[in-house]
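# Structural overview
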Amino acid sequence: MAHRNRITAIKAREIIDCRGTPTVQVDVWVDDVVCGRADVPSGRSTGSHEAYELRDGGSRYAGFGVRKAVANVNTVIADALIGRDVTEQRAVDREMASLDGTANKNRLGANAILGVSLAVARAAAATLNLPLYRYLNSAAHVLPVPMMNLVNGGKLSSNDLCFQEFIMMPVGATSFSEALRMTAEINAILRPMTADRYGKLAINVGDEGGVVPPIVNVREALDLLCEAVARSGYSEHIGYAFDCAATHLYDSQTGRYTFEGKNLTRDEVIRFFEHLVAEYPILSIEDPLHEDDFEGFAEITQALEGVQIVGDDLFVTNKERLALGLQQNAANAVLWKVNQIGTLTEAMETASMAFRNGYGVCVSERSGETEDPMIADLVVALDSGQIKTGAPVRSERTAKYNRLLQIEEELGSAATYAGRDFRRPV
Ligand code: PGA
Ligand code: ZN
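Since the structure is predicted, the reported quantities are computational estimates derived from the model, not experimental observations.

Our next topic: the sheet that holds strand S10 (residues 256–259). Within a sheet, each strand pairs with its neighbour through backbone hydrogen bonds, oriented either parallel or antiparallel. Here we have 3 strands laid out as an open sheet, ordered S9-S10-S11, and antiparallel in their pairing. Edge strands, defined here as strands with exactly one partner in the open sheet, are strand S9 (250–251) and strand S11 (262–264). On the sheet, helix H7 (residues 266–279) packs against S10 and S11 and is oriented at approximately 40° with respect to S10.

Written as structure tokens, this is what we have:
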């Protein structure tokens, strides 16, 4: 055939995510016979430096419609990409970035561009008859530690707990499937325990599937989680982590953070974590300070030596912001969310830059997800060793865990569970 592996059609549509909010789904057709499909996730606790999500405004879906982004895919982007080789991911992504022409993908929308970028990767893998993780990395073999957000707070919940995510990490499991079983068993202990202590409303779940008890105090929430773990008998295999999302706890007028109802300075926040880390086996802390405080991130990284400090709103998966962080030794890991930057190629470049400099890479869901398990393939493709994709409930979360089970099975004896090496898996 003369035109093999050519993109012959691109079709976007508006679908809804797990919150009932519209998002973009894209189909990319190759040689008129193979289709790659991808959905675009969306955050709620977003960083201000993220790529631009194009929403329609107006009254339809309270302004959150994505018909403009869909139209951009079906017209401008499709016109530019039809006829291209689908395996030229980098060229395709560059072309879309230059069509857009803005730093933040303001014109076409990062949600339009990302949908195409991810669907192109899927279509290319399908054309070559490869699973996506193997298409992206033929040597991929690391199964990640699931960072399970079992207690929700902050913007992803209806309680007054300041931190957004209380996470347990089954680093002592011997395989991904064992890690998943342990966490599901622990969650099954945690739920009735929470209901007994805080009443039945406390076990309604937050946006990422964790319980939402009416707790204000960080230690009380952590103790609840630790107690469920202790009852399961798995304590020696489990470490803990937080996403503090401290940008949303920070008041730029006063320069202070509201933690547990108290107003703290940056130094007091750092002391708060020093005490916490001394008392609990904490492995990882995400966004302990606000999104522009590179200097503070450098200080806390040094103060909490041995703990992974992850920049989410700080780096927004953006190479330029990561470079700023590297210059100052701010944090030592990147939270990796493809929609923060808008193309697979750019996200991969940020991950490579992190790895080259000894930083960890934690692949992450958004609070607004669909049933698309894409990030499961991406975390294995990166061999990054860690994934944050919510509690082991709600299908938009379990879709990712279940896809990882399939990948583990496919890899067979080649699969390596990252375990305690999650920051730099081998
Ligand atoms: P988001 O929350 O997807 O709403 O940003 C997740 C996170 O902050 O890590
Ligand atoms: Zn975060």
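Picking up where we left off.
Space inside the largest pocket adds up to approximately 370 Å³. Along the lines of polarity and charge, the residues of the lining of the largest pocket split into 6 nonpolar, 8 polar and 6 charged. Counted as a void, the second largest pocket has a volume near 260 Å³. Lining the second largest pocket are 15 residues, and of these Ala 103, Asn 318, Glu 320, Ile 341 and Glu 346 sit closest to its centre. Listing elements by their share of the lining of the second largest pocket, those giving two or more residues are helix H9 (319–328) and helix H10 (344–356). A class-by-class count of the residues in the lining of the second largest pocket yields 4 nonpolar, 5 polar and 6 charged.

Moving on to H7. Taking 1.5 Å of rise per residue, the 14 residues of H7 would be expected to cover 20 Å, and the 20 Å separating its terminal C-alpha atoms lies within 8% of that figure. Structurally, H7 contributes buried residues whose contacts are with helix H6 (218–232), strand S8 (239–243), S10, S11, strand S12 (282–286) and helix H8 (294–303).

Once that is clear, we can look at the environment of Asp 243. With respect to the helices and strands, the residue Asp 243 is situated in strand S8. With residues near it in sequence (within four places) discarded, Asp 243 still touches Phe 163, Gln 164, Glu 165, Ile 167, Glu 286, Asp 287, Asp 312 and Lys 388. Within the structure, Asp 243 has its side chain in polar contact with the backbone nitrogen of Ala 245 (distance 3.0 Å). Looking at Asp 243, its side chain comes within polar contact range of the side chain of Lys 388, at 3.3 Å.

What follows concerns the environment of Ala 140. By the element assignment, Ala 140 lies in the loop between helix H4 (132–136) and strand S4 (142–143). With a relative accessible area of 6%, Ala 140 lands in the buried category. Excluding residues within four positions of it along the chain, Ala 140 makes contact with Tyr 133, Val 380, Ala 381, Asp 383 and Leu 411.

Right, let's talk about the site of ligand 1 for a bit. Taken together, 15 residues lie near ligand 1, and Arg 44, Ser 45, Arg 366, Ser 367 and Lys 388 sit nearest. Protein chains shield 100% of the accessible area of ligand 1, which is 280 Å² for the free molecule. Looking at which domains feed residues into the shell around ligand 1, each of domain 1 (7–129) and domain 2 (142–421) gives three or more.

We now examine a nonpolar patch on the surface. Together, Ile 16, Tyr 61 and Phe 64 make up an exposed nonpolar region whose accessible area comes to about 290 Å². For Phe 64, the position within the fold is in the loop between strand S3 (34–39) and helix H1 (67–81). Overall, the relative accessible area of 43% leaves Phe 64 in the partly exposed class.

All right, on to the sheet that holds S3 then. With antiparallel pairing, 3 strands are arranged side by side in an open sheet as S1-S2-S3. With partners counted over all chains shown, the strands left at the sheet margins are strand S1 (7–16) and S3, one partner each. Averaged over all adjacent pairs, the angle separating strand axes in this sheet is 20°, with direction ignored. Against the sheet, H1 contacts S1 and strand S2 (22–30), and its axis sits at roughly 175° relative to S1.

On to the packing of helix H5 (residues 176–198) against H6. Working note: a packed helix pair is described by the angle between its axes plus the distance between those axes. Relative orientation of the contacting elements H5 and H6 amounts to 130°, with a least axis distance of 9 Å. By the angle between their axes, H5 is oblique relative to H6. As H5 runs across H6, the sense of the crossing is right-handed. On the side of H5, the interface is formed by Ile 186, Ile 189, Leu 190, Met 193, Thr 194, Arg 197 and Tyr 198, while H6 contributes Glu 220, Leu 224, Leu 225, Glu 227, Ala 228, Val 229, Arg 231 and Ser 232. Taken together, the residues of the contact of H5 with H6 break down into 9 nonpolar, 2 polar and 4 charged.

Bound to the zinc ion (ligand 2) on the protein side are Asp 243 (OD), Glu 286 (OE) and Asp 312 (OD), at distances that span 2.0 to 2.2 Å. Spacing between the donor residues of the zinc ion (ligand 2) along their common chain follows D-x42-E-x25-D. Of this pair, Glu 286 sits in strand S12 while Asp 312 is found in the loop between strand S13 (308–311) and H9, placing the two residues 26 residues apart along the sequence. Taken as a pair, Glu 286 and Asp 312 share a single burial class, namely buried.

In this section: helix H3 (residues 110–127). With 18 residues, H3 extends 25 Å between its outermost C-alpha atoms, agreeing within 8% with the 26 Å of an ideal straight helix rising 1.5 Å per residue. Taken from the residues just after H3, Asn 129 is the one with a positive phi, measuring 60°.

Attention now goes to the side chain of Thr 370. Examined against the element boundaries, Thr 370 turns out to sit in the loop between strand S15 (360–364) and helix H11 (374–382). Those residues in contact with Thr 370 that lie beyond four places of it in its chain are Ile 15, Ile 16, Asp 17, Thr 23, Asp 39, Glu 396 and Lys 400.

What follows concerns the domain arrangement of the protein. Entries for the protein in the domain assignment read domain 1 (7–129) and domain 2 (142–421). Contacts between domain 1 and domain 2 engage 32 residues on the former and 32 residues on the latter. Interface area for domain 1 against domain 2, summed over the two sides, is near 2,700 Å², with a carbon-plus-sulfur share of 51%. The largest share of the area that domain 1 buries against domain 2 comes from Cys 18, Ser 45 and His 49, three residues that together contribute 23% of it.

The next thing to look at is the pairing of S12. By the criterion of burial, S12 is predominantly enclosed, with 4 of the 5 residues buried. As paired strands, S12 and S13 are joined by 3 bridges and run parallel to one another. Looking at the pairing, Ser 284 lines up with Gln 308 of S13. Each parallel crossover has a hand, and for S12 linked through H8 to S13 it is right-handed.

Rules used in this analysis
- Residues numbered from 1 in each chain as written.
- Chains lettered and ligands numbered in written order.
- Predicted model: local features only at pLDDT ≥ 70, side-chain atom pairs only at ≥ 80, totals over all residues.
- Heavy atoms only, no water.
- Pairing = 2+ DSSP bridges.
- Helix = DSSP H or I, 4+ residues; strand = E, 2+ residues; numbered from the N terminus.
- Contact = heavy atoms within 4.5 Å.
- Axes fitted to C-alpha atoms, helices over the stretch in contact; angles between N-to-C directions.
- 1 Å grid on protein atoms, 1.4 Å probe; cavity = no way out; pocket = protein on both sides within 12 Å on 5 of 7 lines; lining within 4 Å.
- Points joined across faces, edges and corners; volume = space filled by probe spheres on them.
- Nonpolar A, V, L, I, M, F, W, Y, C, P; charged D, E, K, R; others polar.
- Expected span 1.5 Å × (residues − 1).
- Polar contact = N/O pair within 3.5 Å; in protein donor to acceptor, adjacent residues only side chain to side chain.
- Buried < 20%, exposed > 50% of the residue type's maximum accessible area, 1.4 Å probe, protein only.
- Near = heavy atom within 4 Å.
- Areas by Shrake-Rupley, 256 points an atom, 1.4 Å probe, with all protein chains shown as cover.
- Domains from an automatic or database assignment.
- Patch = residues over 30% accessible without salt bridge, like charges linked within 9 Å, V, L, I, M, F, W, Y side chains within 5 Å.
- Salt bridge = Lys/Arg side-chain N within 4 Å of Asp/Glu carboxyl O.
- Parallel < 35°, antiparallel > 145°, perpendicular 65-115°, else oblique.
- Left-handed = near helix turned anticlockwise from the far one by under 90°.
- Donors = N, O, S within 2.8 Å, 3.2 Å for Na, K, Ca; no water.
- Buried area = accessible area lost by both parts, 1.4 Å probe.
- Right-handed = clockwise from strand over helix to strand, strands pointing away.

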